[in-house]
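An overview of the molecular structure
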Amino acid sequence: MKRISFSLTVLAVLYMLCGCENSEPDALGFYALDARKIPVSDIQAADIPELFGQSGIRYNSVSVLNWRTQYPYLPQVDFAVAHNGSSMLIHYRVSEKRTIGTMENDLDGVYKESCCEFFCMELGDSLYYNIESNCLGSILMQCGSSRNSRTTSAADNLKQIDRWASLGRSSVDTIPSQTHWELALVVPLTAFWRHSYGTLDGKTFLVNVYNCVGSGDDRQYVTWQPVVSDAPDFHRPEYFRPVHFSR
C-alpha cells in the first residue's frame with residue numbers, strides 16, 4: 001500500500017505541474033482532470049444539470065470495458081464533477097438497454113441495480129470512500145483502506161446528501177428497453193464522516209467512477225479509468241486518478 005500511495009502521489013504532482021483542465025491520456029489510457037469551482041453557496045441537486053450546462057462543465061466518458069470477454073455490453077455513461085468549496089457536485093448521465101431501480105432506501109444493496117459509483121480518497125491518505133447510487137438516488141456509502149476493511153455510513157449521515165433522479169425516487173422495477181436516466185448529487189464535506197476536510201479549494205483527490213448492473217443475466221461493469229484485474233473489482237485504489245479541485 002505504501003508503494004501504491006507513493007506512485008499515486010507522484011502522478012498527482014506531475015498532473016498539478018502540467019496545469020491542464022483535462023490532460024491527455026498517458027500510456028495506459030489514464031486521465032487526470034480539474035474539478036472547477038462554482039461559487040454558489042446554496043446549490044440544489046435538481047439545479048446541477050442546468051448549472052453545469054451554463055458553466056461549461058466538461059463531461060467525462062465512463063466507457064472502459066476491463067472485463068470485455070465476460071461482460072461485453074457498453075452502455076452510454078458520462079459524468080461531470082465540480083464543487084463550491086464545501087460540497088462535491090456530481091452529475092451522471094446513463095443510457096442503457098435495461099434499467100433496474102427498486103431499492104428506495106439508503107444503505108440497501110444499490111450496486112445490484114442500475115448504479116453509478118464514485119470512489120475517492122484525498123491525496124496522501126490511506127482511506128477511501130465509495131459513494132454508490134442507484135438510478136433512484138438511494139445511496140450506500142462506506143469508508144476504509146480496502147474492500148475487506150470498510151465502515152458503513154450511518155443512515156442519518158446520508159440524509160445530508162441532496163439528490164435528484166430523473167426517474168424519480170420511487171421504484172421503477174425493471175425497464176426492459178433502452179432508457180436514459182440522470183442522477184445529480186450534492187455531497188457536503190461533512191458527509192465524509194471519518195475526515196474533517198474543511199474545504200475542497202486546492203485539494204487533490206484520487207478518484208475512479210464506475211457504472212454497473214450487478215445482478216441478472218445481462219450484467220455490465222464499466223469504468224472511467226482502466227482497472228487491471230481478473231474479475232470486476234472496483235476496490236482498487238491503485239487505479240484511482242487525480243482530480244484537482246480548483247480554487
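Source: prediction; values computed, not measured.

Comments concerning the overall build of the protein
Tallying secondary structure elements over the protein gives three helices and 15 strands in all. Counting across all 247 residues of the protein, residues that qualify as buried make up 54%. Of the contacts made within the protein by residues no fewer than 6 positions apart, 66% connect residues no fewer than 24 positions apart. Here the protein has roughly 10800 Å² of accessible surface; of this, 49% comes from carbon and sulfur atoms.

Thoughts on the nonpolar core
Nonpolar side chains in soluble globular proteins tend to be buried together. If you look at the biggest cluster of nonpolar residues, it comprises 41 residues, and the most contacted ones within it are Val 81, Met 88, Tyr 92, Phe 118, Val 187 and Phe 192. The residues contacting Tyr 92, other than those within four sequence positions of it, are Asp 78, Phe 79, Cys 116, Glu 117, Phe 118, Trp 181, Glu 182, Leu 183, Leu 185 and Val 209. Among the nonpolar cores identified, the runner-up in size contains 16 residues, and Phe 119, Leu 206, Cys 212 and Tyr 221 belong to it.

Side note on helix α2 (residues 48–55)
Looking at α2, one finds that the buried residues are Ile 48, Leu 51 and Phe 52. Each buried residue of α2 sits inside an arc of 100° when the element is viewed along its axis, so together they form one side. Of the residues in α2, the exposed ones pointing more than 90 degrees away from the buried face are Glu 50, Gly 53 and Gln 54. Summarising the contacts, the buried residues of α2 are in contact with β3 (76–83), β4 (87–96) and β12 (179–188). Downstream of α2 by a residue or two, Gly 56 has a phi angle that is positive, lying close to 70°.

Overview of the packing of aromatic side chains
In the structure shown here, the tally under the stated rule is 15 aromatic pairs. Each ring, one from Phe 119 and one from Phe 240, has its centre 6.3 Å from the other, and the planes form 80°; the classification is edge-to-face. Taken as a pair, Phe 119 in strand β6 (residues 114–122) and Phe 240 in the loop between β14 (220–223) and β15 (241–245) lie far apart in primary sequence, 121 residues in all. The two residues Phe 119 and Phe 240 agree in class, both being buried. Plain terms: the ring middles of Phe 205 and Phe 245 are 5.6 Å apart, the flat faces sit at 80° to each other, and that makes the pair edge-to-face. Of the two residues, Phe 205 sits in strand β13 (residues 204–213) while Phe 245 sits in strand β15, which places them 40 residues apart along the sequence. According to the relative accessible area criterion, Phe 205 is buried, its value standing at 0%. Through successive ring pairs, a cluster of aromatic residues spans Trp 67, Tyr 71, Phe 119, Tyr 128, Tyr 210, Tyr 221, Phe 234 and Phe 240. Note that Lys 97 overlies the ring of Tyr 73, its terminal NZ or CZ placed 4.4 Å from the centroid. Over the face of the ring belonging to Tyr 128 we find Arg 150, whose NZ or CZ atom lies 4.1 Å from the ring centre.

So, the pattern of salt bridges
Evaluation of the coordinates by the stated rule reveals seven salt bridges. Across the salt bridge formed by Asp 201 and Lys 37, the nearest N and O atoms sit 3.0 Å from each other. Within this pair, whereas Asp 201 is found in the loop between β12 and β13, its partner Lys 37 is found in the loop between β1 (33–35) and α2, the two being separated by 164 residues in sequence. Put simply, Glu 238 and Arg 236 hold a salt bridge, and the shortest N to O gap is 2.8 Å. Three or more residues joined by partner-sharing salt bridges are found here, namely Arg 147, Asp 233, Arg 236 and Glu 238.

Rules of the game
Residues numbered from 1 in each chain as written. Predicted model: local features only at pLDDT ≥ 70, side-chain atom pairs only at ≥ 80, totals over all residues. Heavy atoms only, no water. Helix = DSSP H or I, 4+ residues; strand = E, 2+ residues; numbered from the N terminus. Buried < 20%, exposed > 50% of the residue type's maximum accessible area, 1.4 Å probe, protein only. Contact = heavy atoms within 4.5 Å. Areas by Shrake-Rupley, 256 points an atom, 1.4 Å probe, with all protein chains shown as cover. Core = buried A, V, L, I, M, F, W, Y, C linked by side-chain atoms within 4.5 Å. Arc of directions from axis to C-beta. Phe/Tyr/Trp six-rings, centres within 6.5 Å; stacked < 30°, edge-to-face > 60°. Lys NZ or Arg CZ within 6 Å of the ring centre and 35° of its normal. Salt bridge = Lys/Arg side-chain N within 4 Å of Asp/Glu carboxyl O.

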